[in-house]
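Examination of the molecular architecture
Listed below, chain by chain, are the residues.
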Amino acid sequence: MAETEMKDSATRSNFMDDLKETLRRGATVDGYDYNVKKRYYEPAPEQTQGEAFTQVVESRRSVRKFTDTPIPREVLGACIDLALIAPSSCNLQPWEFHVVQSPDKKAKLVEACMSQNAATTAAELIVVVARTNNWKKIAKLNIDQWPQPKIPKHWKDFYSKGVAFTYWQGPLHAVGYAKKALSNVAGLFRPMPRGPFTKSDMRVWAIKSTALAAENLMLAFRAHGFDSCPMEGMDEQRVRKLLKLPRDAEVVMVVGAGERAKDGVYFPRVKFDRDNFVRYV
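Thresholds applied
Residues numbered from 1 in each chain as written. Predicted model: local features only at pLDDT ≥ 70, side-chain atom pairs only at ≥ 80, totals over all residues. Heavy atoms only, no water. Helix = DSSP H or I, 4+ residues; strand = E, 2+ residues; numbered from the N terminus. Buried < 20%, exposed > 50% of the residue type's maximum accessible area, 1.4 Å probe, protein only. Contact = heavy atoms within 4.5 Å. Areas by Shrake-Rupley, 256 points an atom, 1.4 Å probe, with all protein chains shown as cover. Arc of directions from axis to C-beta. Axes fitted to C-alpha atoms, helices over the stretch in contact; angles between N-to-C directions. Parallel < 35°, antiparallel > 145°, perpendicular 65-115°, else oblique. Left-handed = near helix turned anticlockwise from the far one by under 90°. Nonpolar A, V, L, I, M, F, W, Y, C, P; charged D, E, K, R; others polar. Core = buried A, V, L, I, M, F, W, Y, C linked by side-chain atoms within 4.5 Å. Salt bridge = Lys/Arg side-chain N within 4 Å of Asp/Glu carboxyl O. Expected span 1.5 Å × (residues − 1). pLDDT = per-residue confidence, 0-100. Phe/Tyr/Trp six-rings, centres within 6.5 Å; stacked < 30°, edge-to-face > 60°. Lys NZ or Arg CZ within 6 Å of the ring centre and 35° of its normal.

1. Quick notes on the overall build of the protein
Across its full length, the protein holds 10 helices and 4 strands. Helices and strands in the protein line up, N terminus first, as α-α-α-β-α-α-β-α-α-α-α-β-α-β. Of all 281 residues assigned to the protein, the portion counted as buried reaches 36%. Counting contacts in the protein only where the partners sit at least 6 residues apart, residues at least 24 apart contribute 78% of the total. Summing over all exposed atoms, the protein offers an accessible surface of approximately 18300 Å²; the carbon and sulfur share of this is 56%.

Structure follows, in structure tokens:
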């Protein structure tokens, strides 16, 4: 009994210490002193690729029919590498890319994608998955694989303490609800992060970053002369079972990729006026 009480006391103490540290970091969230004189700089490249990028983005279409041409292994790897450098919240990269190449599994995945043509004819099928509970592992990687000889103190503190405080929900999300209450009170007096506090918050958090990586992947295929189709029309439960995904995994989409068939785009692009979506305030 005494040992349990000591552990509970230590947990409460760590929680309060992390709360104080979070409040101390204040407006910058990550605790970084942006005014420090001696710090890392990375200038923007002198050359711009506006026209080439515009061509890539405008020529990317959701292709529904592919040829039999395979995607070279080196191209597939290069496109996945470009997906992996997409921005993510706190650099926690909550994504996984399951490249399904086994003939048996691929056939079952096609069936789970409702046997739509974009899946049936694709040279590669890639299941894009968001993970809501991988943040501990990736936070540790942010410390262990720092690319310079000396890791900045604020970086190490953030990934060893700040990330845990932000993303740990506690048993039955009790800690998350407590953080939500504290943020609501503190938010009356200063800007405060408002989540993630619950399982559904974590799901939204992970999917937002993973979707950015999926877009990188599709644009990379187009830049290498191949095309893709993001598919949400699928039986997610069958996909989860096929890949034996853990409980915290969320299937965001299945990306079919390959060489565009001549009749691979079924309809012209339907584009709406910018005023429907953009507000200048």
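2. Concerning helix α6 (residues 135–144)
Among all positions in α6, only Trp-135, Ile-138, Ala-139 and Asn-142 are buried. Projection of α6 onto a plane perpendicular to its axis shows the buried side chains occupying an angular sector of 105°, all on one side. With respect to the buried face of α6, the exposed residues turned more than 90 degrees away are Lys-137 and Lys-140. Buried residues in α6 make contact with α7 (153–167) and α9 (199–223).

3. Here's the deal with the packing of helix α4 (residues 103–112) against helix α10 (residues 236–243)
Any two packed helices are characterised by how steeply their axes cross, that is the angle between the axes, and by the distance between the axes. Between α4 and α10, the shortest axis-to-axis distance is 9 Å and the interhelical angle comes to 165°. Relative to α10, the element α4 lies roughly antiparallel. α4 and α10 meet at a crossing whose hand is left-handed. Packed against α4, whose contacting residues are Lys-105, Lys-108, Leu-109 and Ala-112, the element α10 presents Arg-238, Val-239 and Leu-242 at the interface. Looking at the contact of α4 with α10, its residues break down into 4 nonpolar, no polar and 3 charged.

4. Overview of the nonpolar core
A general feature of soluble globular proteins is that nonpolar side chains tend to end up buried together. Ranked by size, the top nonpolar core spans 34 residues in total, and within it Leu-92, Phe-97, Val-163, Leu-217 and Phe-221 carry the most contacts. Broken down by secondary-structure element, the contributors of at least two residues to this core are α3 (73–83), β1 (95–100), β2 (124–131), α6, α7, α9 and β4 (249–258). In terms of residues, this core owes the most to one element, α9, which gives 9 residues. Val-110, Ala-122, Val-129 and Val-239 belong to the second-largest nonpolar core, a separate cluster that totals 23 residues.

5. Here we look at the pattern of salt bridges
Scanning all chains against the criterion turns up 10 salt bridges. Across the salt bridge formed by Asp-104 and Lys-108, the nearest N and O atoms sit 3.6 Å from each other. Of the two residues, Asp-104 and Lys-108 both sit in helix α4, 4 residues apart, roughly one turn of that helix. In this structure Asp-104 comes out as partly exposed when scored by relative accessible area, which is 46%. For Asp-144, the salt bridge is made with Lys-140, and the minimal N-O distance between the two is 2.5 Å. Here Asp-144 and its partner Lys-140 are both found in helix α6, 4 residues apart, which amounts to about one turn of the helix. For Asp-144, a relative accessible area of 47% puts it in the partly exposed group. Since its relative accessible area comes to 52%, Lys-140 is described here as exposed.

6. A word on helix α8 (residues 174–186)
Over its 13 residues, α8 extends 18 Å from the first C-alpha to the last, a length consistent with the 18 Å expected when each residue adds 1.5 Å. The set of residues buried in α8 consists of Val-175, Gly-176, Lys-179, Ser-183 and Ala-186. With its buried residues spanning 95° around the axis, α8 presents them on a single face.

7. Some words on the confidence of the model for the protein
In this model, the protein carries an average pLDDT of 90, and 88% of its residues clear a pLDDT of 70 or more. Contacts of residues 4–12 to residues separated by more than four positions or lying in other chains number 1 contact, the stretch itself having pLDDT below 50.

8. A word on the packing of aromatic side chains
The full count for this structure, using the stated rule, is 6 aromatic pairs. Judged by centre distance (4.7 Å) and plane angle (55°), the rings of Trp-146 and Trp-155 are tilted. For Trp-155, a relative accessible area of 21% puts it in the partly exposed group. Between Trp-155 and Tyr-159, the aromatic rings sit 4.9 Å apart at their centres with planes inclined by 45°, giving tilted as the arrangement. Taken together, the residues span about one helical turn, with Trp-155 and Tyr-159 both in helix α7 at a distance of 4 residues. Taking relative accessible area as the criterion, Tyr-159 reaches 7% and is therefore assigned buried. Above the plane of the ring of Phe-165 lies Lys-179, whose end atom (NZ or CZ) is 5.3 Å from the centre.

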